[in-house]
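Structural features, examined
Each chain, written out:
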Amino acid sequence: MKKLLVLAAALTLGSSMAAPFVWPAKLSADAPSAAKSGGEYRDYTLSDFKTVNPFTSSEATSIPGTMSIGAGLFYQDPTNDNFIPDMAEAMPVVSNGGKRFVVKIRQGMKFSDGQAITADDWVTTYKIHTDDKVGSNSYDSFFINDKPITVKKLDDYTLQFDFPQTSADAYLTMSYTPWPDQVFGVAYRKGGADAVKALWGLNVDPKTVVSPGAFVLSSYSAGQRAVFRKNPNFGEWNKDSAGKSLPYLDGYSYRIVKDLNAGLAAYLAGDIDTYGPRNADDLAQIKKAIDAKTLNATLIANVSPAASSQWITFNWNKADSPFKQKLFRDVRFRHAMSMLANRDAMVQLALGGLGVPTYYSVYPVFKGFISDSAPKYPYNLDGAAKLLAQMGFTKKGSDGILVDGKGNKLEFTLTTNAGNTTREQLGRIFADEAKKIGVKVNFNPIDFNVLVGQLQSKGESRPFDAILLGLANGGNIWPFGVNVVPCGTNLHSYNNPTNGACATSQEQLMTKLFYQGQSTVDLKARQAIGAQLLKTEAELQPVIYLVGGSYHVTYNNRLGGQHPRDIMDSYYLSRELPLTFIK
């Protein structure tokens, strides 16, 4: 959210500085006395960035996402999953049966441009995210069962959140990043959604970009690199346990690589400081370099199951092709497609044996929400052929492709993001298995940003057949996607018509169960609802889940400040950037 422009700045000058947020010492394996200031953390990313605008960004790795680091009302403690005050001065006063939260925010916080961070910034950010004309990926986070969560300013440093029902996710929901009112609020009040969407494209002058988090954009070169510098004001309200200002780093950067092989090569050469190993071959190459002392790095294999998913979704909104629309909407077809997925081969060939087959939307790391009672449709070519025969695909043409009684070929195009070599392997394995029973899959890796645009499109004729992609992020309190499961939400990828309506009774039930679980504070009761949701989802198979990798950690030993090993996992990751330093 944003804050109130010039007026708010004047008010801030007269306000006192509240106690800073002290990052717990237990988050770092190094003592504060070991930390040094300065230097740049060199990271990488596979796809070029899409925007600098926080309201039009939806990618897991993004420029606004990087500038959000350290900017939220509450911080989830990886040692116990509890929330502690971050930008909030204290825990909120809760009333109205657990639906109202009054939050005092710390006084004296500033954006990177020196303007005060006040309640106006949260309120304006909320208003923009909840304007459907903006198209924010966070839109769905501010609604529960179509009823809005409201955010109100009580005074410059006090916010009131009202939820339409109790929410197990309330602290996560309230912890959204506040963006500057003096930039976005001014534009929004003058020109509405279009004015906001026109701001901070990739051609923006970085000098005009403002951040509430630990880093702010310094420069961007298309297809090459994005560089961030330390937010000079972040350290005024963020300290380590010894009272030293954070972040320690002067800068953070992304090298944009053409594919994951290029990322690995850059890591082995010491040109970047970290890398996400995909499989056993990656691990072997890194270990070999460490053993040969050509790379001074740490490697920790199999830290945890992944907090991400790999899947195929079929487009139910193909009014331009009635045959494919009917095909993709037939549950027998989707069960057959799940049976074509040779997940064991995918684990062995694409992940080098370091992973597991997956059948559900819940990430493998969140074991407490995965129920064995939900059905699975594992690899079974004969079973797939029988289901397709029930649909009328009993004969093959001269080209070996199955056809129905009207001569329609069983053929579709499957796309993924080019350069992600793991997904490219998954797609090829799927296409090869499909071919064995006469299903032609035209596998076509394309540009990531084009792919995301297709996936998020709405309407009766959306521009794709099937997409192989993945999801990451989300919370561990209720690990079903608020913008994935309910009908009409942004990533309800398989069915996203203009009016957002469910096409099946199962989608309606899943939507109901999602909100029921989200409002259930008791963990065991929430897990029981999650089991029902998972079973319904598995029966419908709206998305075909494939495999989950293992989370491995490796980093150049010039870095310090990583988590102790016992709190590393794929959800909390291996470090907090504000506590990271160069030795």
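Report on the accompanying structure. All of these numbers come straight from a predicted model, not from anything done at the bench.

**Some thoughts on the overall build of the protein chain**
- On a plain count of helices and strands, the protein chain comes out with 15 helices and 26 strands.
- In terms of C-alpha radius of gyration, the protein chain reaches 24 Å, essentially the compact-globule figure of 25 Å for 583 residues.
- With respect to the principal axes defined by its C-alpha atoms, the protein chain has extents near 80 × 60 × 45 Å.
- Classification of the 583 residues of the protein chain by burial places 59% in the buried group.
- For the protein chain, restricting intrachain contacts to residue pairs at least 6 apart in sequence, the fraction spanning at least 24 positions comes to 72%.
- Of the roughly 22,400 Å² of accessible surface on the protein chain, a fraction of 51% belongs to carbon and sulfur atoms.
- Each charge sign in the protein chain was given a centre, from 60 positive and 53 negative side chains, and these centres are 2 Å apart.

**Details of the sheet that holds strand β15 (residues 297–305)**
- Sheet architecture is open: three strands sit in the order β15-β24-β17, paired in antiparallel fashion. The open sheet has two free edges, formed respectively by β15 and β17 (355–357), since each of these has just one partner strand. Going from strand to strand, the sheet's axes swing by 20° on average, the running direction of each strand aside.
- Two strands pair when backbone bridges link them, and β17 and strand β24 (residues 547–556) are joined in this way by three bridges, in the antiparallel orientation. Within β24, the position partnered with P357 by the bridge is V547.
- Along the sheet, helix α7 (residues 280–291) contacts β15 and β24; its crossing angle with β15, the most-contacted strand, is approximately 155°.

**Comments concerning the nonpolar core**
- Within the largest apolar cluster, 157 residues are counted, with the highest numbers of intra-cluster contacts made by L73, L388 and F412.
- If we ignore the near neighbours within four places in the chain, the residues touching F412 are F314, K324, F328, F333, M337, F430, V439, K440, V441, N442, D465 and A466.
- Formed by 13 residues, the second largest nonpolar core is a distinct cluster that contains L46, L264, A266 and A289.

**What about empty space enclosed by the protein?**
- If you walk through the whole model with that rule in mind, you get three cavities of 30 Å³ or more.
- Computed from the structure, the second largest cavity encloses a volume of approximately 140 Å³.
- What lines the second largest cavity is a set of 13 residues, among which V484, L491, Y494, V543 and Y545 lie closest to the centre.

**Brief notes about helix α9 (residues 331–340)**
- Of all 10 residues making up α9, eight are buried, and the element is well covered by its neighbours.
- Among the residues making up α9, those that are buried are F333, R334, H335, A336, M337, S338, M339 and L340.

**Remarks on the packing of helix α6 (residues 260–268) against α7**
- Remark: α6 packs on α7, axes separated minimally by 11 Å, with the N-to-C direction vectors making an angle of 15°. If you check the angle between α6 and α7, you find them roughly parallel. For the element pair α6 and α7, the recorded crossing hand is right-handed. Residues L264, Y267 and L268 of α6 pack against D282, Q285, I286 and A289 of α7.
- Of the residues that constitute the contact of α6 with α7, the class distribution is five nonpolar, one polar and one charged.

**Concerning the sheet that holds strand β16 (residues 308–314)**
- Spatially, β21-β20-β22-β16-β23 is the arrangement adopted by the five strands of the open sheet, whose pairing is mixed. Looking at the sheet topology across the chains shown, the edges are occupied by β21 (440–446) and β23 (543–545). On average, adjacent strands in this sheet sit at an angle of 30° to one another, irrespective of strand direction.
- Judged from the three bridges that link them, β16 and β23 form a sheet pairing that is antiparallel.

**Considering unusual backbone geometry**
- Put simply, L246 and P247 share a cis peptide bond, and its omega is 0°.
- Within the secondary structure, P247 sits in the loop between β13 (238–239) and β14 (251–256).
- With a phi close to 50°, W200 is a non-glycine residue in the positive phi region.
- Note on W200: relative accessible area 5%, which makes it buried.

**Description of the side chain of T158**
- With respect to the element layout, T158 can be found in strand β10 (residues 158–162).
- Among the polar contacts listed, one links the side chain of T158 to the side chain of K104, at a separation of 3.0 Å.
- Among the polar contacts listed, one links the side chain of T158 to the side chain of D155, at a separation of 2.8 Å.
- Excluding residues within four positions of it along the chain, T158 makes contact with V102, V103, K104, A119, K152 and K153.

**Structural notes on the pairing of strand β2 (residues 40–45)**
- The buried fraction of β2 amounts to five of the six residues, a majority that puts the element mostly inside the structure.
- Taken together, the six bridges between β2 and β14 define a ladder with parallel strand orientation. In the strand pairing of β14, Y44 is matched with R255.

**Here's the deal with the packing of helix α14 (residues 505–518) against helix α15 (residues 523–540)**
- With their axes 9 Å apart at the nearest point, α14 and α15 run at an angle of 160° to one another. Here α14 is positioned roughly antiparallel relative to α15, judged by the angle of their axes. As for the relative orientation of α14 and α15, their crossing is left-handed in sense. Where α14 abuts α15, its residues Q506, E507, L509, M510, L513, F514, Q516 and G517 lie against R526, I529, Q532, L533, T536, E537 and L540.

**Describing the environment of A525**
- Topologically, A525 is positioned in helix α15.
- Using a relative accessible area of 31% as the deciding quantity, one classes A525 as partly exposed.
- In this structure the C-alpha to C-alpha distance between A525 and I256, which are 269 residues apart in sequence, comes to 44 Å.

**Describing the packing of aromatic side chains**
- Scanning the entire structure with this criterion turns up 38 aromatic pairs.
- A ring pair is formed by Y252 and Y254, whose centres lie 5.2 Å apart and whose planes are at 85°; its orientation type is edge-to-face.
- For Y252, a relative accessible area of 4% puts it in the buried group.
- Residue class for Y254 comes out buried when judged on its relative accessible area of 6%.
- With 6.3 Å between their ring centres and 20° between their planes, Y267 and Y275 make a pair best called stacked. Comparing Y267 with Y275, the two get one shared label, buried.
- Aromatic ring contacts, followed pair by pair, group Y41, F49, F215, F228, Y252 and Y254 into a single cluster.
- Lying across the ring of Y555, R575 places its NZ or CZ 5.0 Å from the centre.

Analysis parameters
Residues numbered from 1 in each chain as written. Predicted model: local features only at pLDDT ≥ 70, side-chain atom pairs only at ≥ 80, totals over all residues. Heavy atoms only, no water. Helix = DSSP H or I, 4+ residues; strand = E, 2+ residues; numbered from the N terminus. Rg over C-alpha atoms; globule rule 2.2 N^0.38 Å. Buried < 20%, exposed > 50% of the residue type's maximum accessible area, 1.4 Å probe, protein only. Contact = heavy atoms within 4.5 Å. Areas by Shrake-Rupley, 256 points an atom, 1.4 Å probe, with all protein chains shown as cover. Lys, Arg positive; Asp, Glu negative; His and termini not counted. Charge placed at Lys NZ, Arg CZ, Asp CG, Glu CD. Pairing = 2+ DSSP bridges. Axes fitted to C-alpha atoms, helices over the stretch in contact; angles between N-to-C directions. Core = buried A, V, L, I, M, F, W, Y, C linked by side-chain atoms within 4.5 Å. 1 Å grid on protein atoms, 1.4 Å probe; cavity = no way out; pocket = protein on both sides within 12 Å on 5 of 7 lines; lining within 4 Å. Points joined across faces, edges and corners; volume = space filled by probe spheres on them. Parallel < 35°, antiparallel > 145°, perpendicular 65-115°, else oblique. Left-handed = near helix turned anticlockwise from the far one by under 90°. Nonpolar A, V, L, I, M, F, W, Y, C, P; charged D, E, K, R; others polar. Polar contact = N/O pair within 3.5 Å; in protein donor to acceptor, adjacent residues only side chain to side chain. Phe/Tyr/Trp six-rings, centres within 6.5 Å; stacked < 30°, edge-to-face > 60°. Lys NZ or Arg CZ within 6 Å of the ring centre and 35° of its normal.

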